[in-house]
Amino acid sequence: ETEPLTAILPGGLGIGVTVTGQNLHRNDNDRYWSNKKSTARIQCIHNNTIPSDFDEDLVQCGIHQEVLKLRSEVEDGKRIGFLGIHSESDYVEANDVLFWSGPESMFEVGRYGPIRPEDRKTELHFSMKNFIHDFEPAEWSYDVDEKILGDCQLIDITDDATGEVHSEAKKHTPIYVNEIGHNTNLCANVRIMHKNDRSVYYYACIEKENAMKKGDCVELLVDYGKLYENVRERKGYGVANLYGNVGDDSDRGAKLQRNFAARQSIESEISKLSVVRLYYLAEFLMERIFPEINESIEDIFRHHVPSQLKSRFLVARRRLHWIGERLEQQLEKCFGSLQRVYFSSKFITSFQNIIHSFKWSSLPGVFSAIQDTASDIPNICAKDCILNEISEELLYKVSNIIPKPFDTKIWSQLGNLLIESVTKKIAIHMFCSSEMSIEERQAKLGRSVLDDAKRYSKLTTRCSTVLDGTATDGNFYDYFFDLLSFKSPQHKVNQKQFFYKRPNKKPRSIYDAKKIINFGTASALAEVQAYQDAVDVGFLEPHAIPGVLKNLIECEKSIVCKYPSSSPNSKIGRLPQFYWIARGAESIKKGTAIVNVEWYLMNQLLLVVHSLASNCVEWKASSQKMVPYSLERLCEVVGVEVNAAKKALSNGFILPECPEEVTIT
């Protein structure tokens, strides 16, 4: 029994070895060999008498002679089959015969990958590339069993410089096979098979129950499995999208959370690398990804044609910069642990030069040149591609302070607008501009951020007066309501957690609850509890409608309102901003609930502005020895007490939890 030739490279990387050429077997590459023919050839090899032309007649193989005779009876160009002794006319139509190819008779559709040597990557290198190219390579990758230098290996058929499927892979059928996802109406008829623990192949497998008649057409479909779930989720048809109310990547809040997780994973992986493995990673990025991205951007601006720029290259270039900063930090950490003595100064300098190349020092010039340039990404200009990327970096930096930005269950529209405005202002003045000194840019940024805070403070108050009916511009009621409201997925309220047991089915108190619940859930429960409160005050017989409570749904839109605390001791160690009760649209319209302006100023305004301004900018005193921004100046323009603001900052944000995760006692 023969086995394929395999070459083993350093690190355990295996490569299949094949030989190509003309007449390698001295038999015109005929694949058919009889036993008699094989015996004669072996004898020639032992005697070292292999003739230049292997004469089949010398072997006197009767089968060979028969094959030659039958083949000669078929016209050239019409021979079919393994031996080429048949033509299409030898077959008859069988219209009533069904076709299927079960597991025992699957036929190969083609090799998925690897197509090129560089299609094989370690998991670490692939994860970096996948992040740089905004997770597109993940759509075209598979893991295999073979290891590379002890690391997990992935097959990746995308171009290293662009993240798009490379030209050679486009010549192979498997990339055009779609997947079934979680669509129960679709049936997979292609199976994924691995060869030699490193090659991925597709095989058509038409089950008998799906047998095809002559003339039938069927789309080839494959199940990519559980590892593809992250890609499904980004595209909007994952389990979390279908059943968990999680948005796809068009939902900015949902995309940010996935990107934050990716950044955290990258930081964790880099922090574990030794100097040698750190160098291999930097070398991979420098040789395979960086050159084309950087040269494309620089070349376009050298020739003053920014309209030809691919916006995805701007994102990729900024992410290379971000990764470079982490590589530099880890390198210094390694050298700080006395590893420097093991390496030559020439190596260290070369390594540092590679990492320094990742710094995007030309960003301000590029940003200035693309101010009005359209983007190849729908509904966004090239300038905003850069600003959004830097904003993501800033929000990731404060993700433990500002939870889930742009999530409409947690943030009102007003809060989200402020988050976007402040992050973009920091990005513009501190990262994308070099016209003025750092002190001048900070002074301009400080004024702009405080102006934002003042404007949104006034807008919050204006919203309140309109919703409370004390303003004259009631025609814009819906607009102001949406600015302050939180949007709920309208889940069903869990009775077991929010209602006492029978007989009266009374709701548990949600006032001063120790654990925060979803605003939409709180709104729905508030309506039930408001009724119960009225019953208690009026000494009326409680009345409950089981059907209503059983199907109680969260309010679609909720606003945080005021309420007086029922406990005289609750004020101790507590702030008015936490005395909140969410109410629905009807309660606001009826005037039975009043907007808690102080709560919004603290939670949706002051905490946002100060968390970003104090953590994302290292403020320097101006020539007048005055710092452009401070908490005291922020409190002054917003209209809140400094001590109350400090207390709010120490307590942190209110983070509602899903009702399934909350138990109120």
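The structure this text deals with has already been given above.
How each quantity is defined
- Residues numbered from 1 in each chain as written.
- Predicted model: local features only at pLDDT ≥ 70, side-chain atom pairs only at ≥ 80, totals over all residues.
- Heavy atoms only, no water.
- Salt bridge = Lys/Arg side-chain N within 4 Å of Asp/Glu carboxyl O.
- Helix = DSSP H or I, 4+ residues; strand = E, 2+ residues; numbered from the N terminus.
- Buried < 20%, exposed > 50% of the residue type's maximum accessible area, 1.4 Å probe, protein only.
- 1 Å grid on protein atoms, 1.4 Å probe; cavity = no way out; pocket = protein on both sides within 12 Å on 5 of 7 lines; lining within 4 Å.
- Points joined across faces, edges and corners; volume = space filled by probe spheres on them.
- Nonpolar A, V, L, I, M, F, W, Y, C, P; charged D, E, K, R; others polar.
- Pairing = 2+ DSSP bridges.
- Axes fitted to C-alpha atoms, helices over the stretch in contact; angles between N-to-C directions.
- Contact = heavy atoms within 4.5 Å.
- Core = buried A, V, L, I, M, F, W, Y, C linked by side-chain atoms within 4.5 Å.

Q: Help me understand the pattern of salt bridges in this model?
A: Where charged atoms from two side chains of opposite charge approach closely, those side chains can pair. This model, assessed by the stated rule, comprises 42 salt bridges. Residue Lys-121 pairs with Asp-160 through a salt bridge whose shortest N-O separation is 3.0 Å. With Lys-121 in strand E4 (residues 120–122) and Asp-160 in the loop between strand E6 (151–156) and strand E7 (178–179), the pair connects residues that are 39 residues apart, well separated along the chain. Considered together, Lys-121 and Asp-160 belong to a single accessibility category, that of buried residues. Salt bridges sharing partners connect three or more residues here, namely Asp-134, Lys-255, Arg-263, Arg-319, Glu-389 and Glu-392.

Q: What exactly am I supposed to notice about unusual backbone geometry here?
A: Across residues other than glycine, the phi torsion is negative in most instances, and most of the peptide bonds are trans. Looking along the chain, the bond that leaves Gly-113 and enters Pro-114 is cis, with omega of 0°. Looking at the secondary structure, you find Pro-114 in the loop between strand E3 (107–113) and E4. Unlike most non-glycine residues, Asp-197 shows phi in positive territory, near 65°. Mapped onto the fold, Asp-197 is located in the loop between strand E8 (190–195) and strand E9 (199–204). Its identity is not glycine, yet Asn-245 carries a phi of approximately 60°, on the positive side.

Q: Quick question: what am I supposed to make of empty space enclosed by the protein here?
A: Empty space among the atoms can be located by rolling a probe the size of a water molecule over them. Evaluated as defined, the whole model comprises two cavities of 30 Å³ or more. Considering only enclosed or pocket space, the second largest cavity measures out at about 30 Å³ in volume. In terms of residue class, the lining of the second largest cavity is made up of five nonpolar, one polar and one charged.

Q: Help me understand the sheet that holds strand E5 (residues 141–148) in this model?
A: Hydrogen bonds between backbone atoms are what pair the strands of a sheet, whose relative direction is either parallel or antiparallel. Spatial strand order, E4-E6-E5: three strands in an open sheet with antiparallel pairing. The open sheet has two edge strands with one neighbour each: E4 and E5. Put simply, the sheet's adjacent strands are angled 35° from each other on average, direction ignored. By the bridge criterion, six bridges tie E5 to E6 in an arrangement that is antiparallel. Residue Asp-143 lies in a different strand from E6, and its bridge partner there is Leu-154. Running over the sheet, helix H4 (residues 123–132) touches E4, E5 and E6 and is turned about 95° from E4.

Q: What's the story with the sheet that holds strand E12 (residues 557–561) in this structure? I'm lost.
A: Read from one edge of the open sheet, three strands run E11-E12-E13, paired in antiparallel fashion. Edge positions in the open sheet fall to strand E11 (486–487) and strand E13 (581–584), since each of these has one partner strand only. Of the strand pairs in this sheet, E11 and E12 are connected by two bridges, and their pairing is antiparallel. Along E12, the bridge assignment pairs Lys-487 with Lys-557.

Q: Teacher, can you tell me more about the nonpolar core here?
A: Nonpolar side chains tend toward joint burial in soluble globular proteins. Membership of the largest hydrophobic core comes to 117 residues, with the highest contact counts inside it found for Leu-285 and Leu-327. With 14 residues, helix H8 (residues 275–302) is the largest single contributor of residues to this core. Those residues in contact with Leu-285 that lie beyond four places of it in its chain are Met-128, Ile-132, Phe-290, Pro-291, Leu-320, Ile-323, Leu-327 and Phe-358. Residues Trp-140, Val-165, Tyr-202 and Tyr-224 belong to the second largest nonpolar core, which totals 18 residues.

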